[in-house]
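This is what each chain is made of:
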Amino acid sequence: MNWRSHNKSCCSDKGRVNYIDRLIIKSASQVAKLATCLIGAGLFLSGDADSQNLNSEISLSQLDFKIAQVAADISVKILDLDFLGSGFIVQKSDAQSAQKYTVLTNQHVLRAGEAPYSIKTPDGKTYLAEIVSELTDDNHSYDLAILEFSASQTYSTAKIGNSLFLSVGEPIFAAGFPFRQTTTATTSDLTLSSLDNISQRLSVKEGRIAIILSQALEEGYQIGYTNDVEKGMSGGPLINSQGEVVGINGKHAYPLWESPEIYQDGSHPCPALQDLIIRSSLAIPIEKSIELKPQLKFSSSDSDIASIPNVDWLSEDYQVVNQMQAEARETMNKCKNEN
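Because the structure is a prediction, the values reported are computed rather than measured.

**Some words on the packing of aromatic side chains**
Stage number 1. With the rule as written, the count across this model stands at six aromatic pairs.
Stage number 2. An angle of 70° between the planes, with centres 5.5 Å apart, marks the rings of Y101 and Y155 as edge-to-face. With Y101 in strand β4 (residues 99–105) and Y155 in the loop between β7 (141–151) and β8 (171–176), this pair connects stretches of sequence that are 54 residues apart.

Below, the structure written as structure tokens:
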């Protein structure tokens, strides 16, 4: 299943500069703080009962370790009979006999299967899930869905950040459960009994913000990033360097069917921007879920984000950030010339 074959905003912000301005450098001092040498292509964590024990053989920086731990605390698997995709816990409410947990994921994750759905939590337990809402309003349809499950166990919830503060070149972390076949079985042979032959460990992919659109694409996609997001990571959290969730993963770069992206108003990005979008993984800003479902009053995170260090990004990566923002300016100029 290719995610973009199932998918084609953050609301427009009064007083916000247009996407062209969002793409360029905010200030030299900010950029110097955004550079970092991040280790490894992906951080892998088990999605079962030992999910929160990091592999000691993986060399991680202190920041990488903390972000990976936050992702492990909040990320869940979405299942029907088989594995469908990823999600994360955003809210919990106390009940008389059990706590009720709210999970965000993508609509297209649910469309890949059939109800009843289940949630597999970080400790390996599985709970029956109820669809609360597929997030739409009278004017828009968003690739978001809300599930709920009840449990006597205590699970962590995400700390919600603000996607409006993101900058091109900023380090970002995409989490989810890649679907990887590790045997010679064909896809049609994969059933519940063969799930043990599928690698579904939590992956935390490092990358940088590549683009922030001033208006959303169809189904709410608005944040582009360089992270190597894989099939199965749809619905997982996009996490900033402070351990806050700022978006929901949904589309990987270079789709098999490279149909042009379209804005929600029906217009098309210019060809230069279209090319940058195709080369980027895409997420829906976290604010979209709050905009359409105000009762999602996100609580403070139970995950261990207080101990995430303040990192001074290594100055040599200033060049990387500068190059990314220079490409964004070049894209801007091409779009202006084409208009």
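**A look at the pattern of salt bridges**
Stage number 1. For the structure on display, the rule yields eight salt bridges.
Stage number 2. Between D228 and K205 there is a salt bridge, with the nearest N and O atoms lying 3.8 Å from each other. With a gap of 23 residues between them, D228 in the loop between β12 (223–225) and β13 (237–239) and K205 in strand β11 (residues 202–212) connect regions that are remote in the sequence.
Stage number 3. Between D275 and R279 there is a salt bridge; the shortest N-O distance is 3.0 Å.
Stage number 4. With a relative accessible area of 40%, D275 lands in the partly exposed category.
Stage number 5. The class of R279 is partly exposed, set by a relative accessible area of 31%.
Stage number 6. If you follow the salt bridges from partner to partner, you end up with K205, D228 and E230 in one network.

**Thoughts on the nonpolar core**
Stage number 1. Membership of the largest hydrophobic core comes to 40 residues, with the highest contact counts inside it found for F88, V245 and L273.
Stage number 2. Of all the secondary structure elements, the ones that give two or more residues to this core are α4 (62–74), β3 (83–94), β7, β8, β11, β14 (245–251), α6 (271–278) and β15 (281–285).
Stage number 3. No other element matches α4, which puts six residues into this core.
Stage number 4. Apart from the residues within four sequence positions on either side, V245 is in contact with I74, F88, A158, K159, I160, G161, P237, L238, I239 and I286.
Stage number 5. Core analysis: the next-biggest nonpolar cluster, separate from the first, contains 17 residues, Y101, V103, Y117 and F149 among them.

**Thoughts on helix α8 (residues 318–338)**
Helical geometry note: an α-helix holds 3.6 residues per turn, so side chains three or four residues apart project in the same direction.
Stage number 1. For α8, built from 21 residues, the straight-helix expectation of 30 Å at 1.5 Å per residue is met to within 8% by its first-to-last C-alpha distance of 30 Å.
Stage number 2. Within α8 the residues assigned to the buried category are V321, M324, Q325, A328, T331, M332 and C335. The buried residues of α8 occupy one face: seen down the axis, they fall within an arc of 105°. In α8, those exposed residues whose orientation departs by more than 90 degrees from the buried face are Q319 and N337.

**Structural notes on the side chain of T105**
Stage number 1. Structurally, T105 can be placed in strand β4.
Stage number 2. A distance of 2.7 Å separates the side chain of T105 from the backbone oxygen of S86, its partner in a polar contact.

**A short note on α6**
Stage number 1. The buried fraction of α6 is high, at six of eight residues.
Stage number 2. Buried residues of α6: A272, L273, Q274, L276, I277 and I278, and no others.

**Considerations on the side chain of S281**
Stage number 1. Tracing the backbone shows S281 in strand β15.
Stage number 2. Separated by 2.9 Å, the side chain of S281 and the backbone oxygen of N227 make a polar contact.
Stage number 3. Aside from chain neighbours lying at most four places away, what touches S281 is I223, G224, Y225, N227, V229, K251, H252 and A253.

**Observations regarding the state of the cysteines**
Stage number 1. Across all of its chains, the model carries one disulfide by this definition.
Stage number 2. The disulfide partner of C270 is C335, and the gap between their sulfur atoms is 1.8 Å. You can see C270 sitting in the loop between β14 and α6 and its partner C335 sitting in helix α8, a full 65 residues away along the chain.
Stage number 3. Here C270 falls in the buried class, since its relative accessible area comes to 11%.

**As for the packing of α6 against α8**
Stage number 1. Axis separation between α6 and α8 bottoms out at 7 Å; the angle between their running directions is 145°. Together, P271, A272, L273 and L276 of α6 and E327, T331, K334, C335 and E338 of α8 make up the contact between the two elements.

**Structural notes on the confidence of the model for the chain**
Stage number 1. Of the residues in the chain, 65% have a pLDDT of 70 or more, and the chain-wide mean is 75.
Stage number 2. A low-confidence stretch, residues 182–198 (pLDDT under 50), is modelled with 23 contacts involving residues beyond four sequence positions or located in other chains.

Conventions we followed
Residues numbered from 1 in each chain as written. Predicted model: local features only at pLDDT ≥ 70, side-chain atom pairs only at ≥ 80, totals over all residues. Heavy atoms only, no water. Phe/Tyr/Trp six-rings, centres within 6.5 Å; stacked < 30°, edge-to-face > 60°. Helix = DSSP H or I, 4+ residues; strand = E, 2+ residues; numbered from the N terminus. Salt bridge = Lys/Arg side-chain N within 4 Å of Asp/Glu carboxyl O. Buried < 20%, exposed > 50% of the residue type's maximum accessible area, 1.4 Å probe, protein only. Core = buried A, V, L, I, M, F, W, Y, C linked by side-chain atoms within 4.5 Å. Contact = heavy atoms within 4.5 Å. Expected span 1.5 Å × (residues − 1). Arc of directions from axis to C-beta. Polar contact = N/O pair within 3.5 Å; in protein donor to acceptor, adjacent residues only side chain to side chain. Disulfide = S-S within 2.5 Å. Axes fitted to C-alpha atoms, helices over the stretch in contact; angles between N-to-C directions. pLDDT = per-residue confidence, 0-100.

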